Amino acid sequence: MLPLSSHPSPFLNGSIPLLPKLAPPSPYLLPPPPSSLSIQAIKKLQGRVVCAASDKTVAVEVVRLAPHPKYKRRIRKKKKYQAHDADNQFKVGDFVQLQKSRPISKTKTFIAIPVLSRRNSKPGEALPSTLDLPLQSQEKSEFQEEA
């Protein structure tokens, strides 16, 4: 049998040769410590309540447009999500925004937040009339009265 020192390979019987010690890592190469401000991509979805029968839970249907795999035409894809409604304030047909949160149950990971419906908000009523000019029809009537 050959002595260990005379064997040509340093890996006799699976042994690992000793490696020289490496210098400790430089503090400049370490990542910066986490700050109090963190950037998160919070997933928010919008949809319509389709079921509000359960206590503190609503089923929300979210519609999105996706291209058809073969014909490339945009088609509507629907998906139902279970969302947490702590006050049971939402009824069927309400528009809500879903905000991602920690898992509340096996199927609930969103919280329902109220959103103004597009039908209820009228842009004409929200804008104040800043111009105090008479209408064109009113000007004609005043002119006709004087003549």
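The protein is annotated in an unreviewed UniProt entry as Small ribosomal subunit protein uS17c of Platanthera guangdongensis. UniProt's Subcellular location (unreviewed entry) comment on the protein is quoted here verbatim: "Plastid, Chloroplast". What UniProt states about the protein under its Sequence similarities (unreviewed entry) heading is, verbatim, "Belongs to the universal ribosomal protein uS17 family."

One ladder, built from five bridges, connects strand 1 (residues 44–51) with strand 4 (residues 95–100); its direction is antiparallel. Bridge assignment links G47 to a residue of strand 4, and that residue is V96. Relative to strand 5 (residues 108–114), strand 4 is paired through five bridges, and the arrangement is antiparallel. Bridge pairing in strand 5 places K100 opposite F110.

Further remarks concern the nonpolar core. Judged by nonpolar contacts, L45, V49, V58, V60, V62, Y81, A83, F90, V96, L98, F110 and A112 together constitute the single largest core of 12 residues. Elements with a minimum of two residues in this core: strand 1, strand 2 (57–67), strand 3 (74–84), strand 4 and strand 5. With residues near it in sequence (within four places) discarded, F90 still touches V49, A52, V58, D85, V96, A112, I113 and P114.

Below, the discussion takes up the packing of aromatic side chains. A complete count under the given rule lists one aromatic pair for this structure. Between K100 and the ring centre of F110, over which it is positioned, the NZ or CZ distance is 5.1 Å.

Enumeration over the complete set of coordinates arrives at one salt bridge. When the shortest N-O distance is used, the salt bridge between R48 and E61 registers 3.9 Å. Of this pair, R48 sits in strand 1 while E61 sits in strand 2, placing them 13 residues apart in sequence. Assessed through its relative accessible area of 19%, E61 is described here as buried.

Peptide bonds are mostly trans, and most non-glycine residues show a negative phi. With phi around 60°, K72 is a residue other than glycine that occupies positive phi space. Counting through the fold element by element, K72 comes out in the loop between strand 2 and strand 3. Backbone geometry at N88 places phi at a positive 50°, although glycine is not the residue there. Take N88: it is sitting in the loop between strand 3 and strand 4. In this structure N88 comes out as partly exposed when scored by relative accessible area, which is 33%.

Further remarks concern a positive patch on the surface. Together, K43, R64, K77, K79 and K100 make up a region of like positive charge exposed at the surface. Position of K100 among the secondary structure elements: in strand 4.

Criteria and thresholds
- Residues numbered from 1 in each chain as written.
- Predicted model: local features only at pLDDT ≥ 70, side-chain atom pairs only at ≥ 80, totals over all residues.
- Heavy atoms only, no water.
- UniProt positions renumbered as here; feature names shortened; annotations may be inferred.
- Pairing = 2+ DSSP bridges.
- Helix = DSSP H or I, 4+ residues; strand = E, 2+ residues; numbered from the N terminus.
- Core = buried A, V, L, I, M, F, W, Y, C linked by side-chain atoms within 4.5 Å.
- Buried < 20%, exposed > 50% of the residue type's maximum accessible area, 1.4 Å probe, protein only.
- Contact = heavy atoms within 4.5 Å.
- Phe/Tyr/Trp six-rings, centres within 6.5 Å; stacked < 30°, edge-to-face > 60°.
- Lys NZ or Arg CZ within 6 Å of the ring centre and 35° of its normal.
- Salt bridge = Lys/Arg side-chain N within 4 Å of Asp/Glu carboxyl O.
- Patch = residues over 30% accessible without salt bridge, like charges linked within 9 Å, V, L, I, M, F, W, Y side chains within 5 Å.
- Areas by Shrake-Rupley, 256 points an atom, 1.4 Å probe, with all protein chains shown as cover.
- Lys, Arg positive; Asp, Glu negative; His and termini not counted.
- Charge placed at Lys NZ, Arg CZ, Asp CG, Glu CD.

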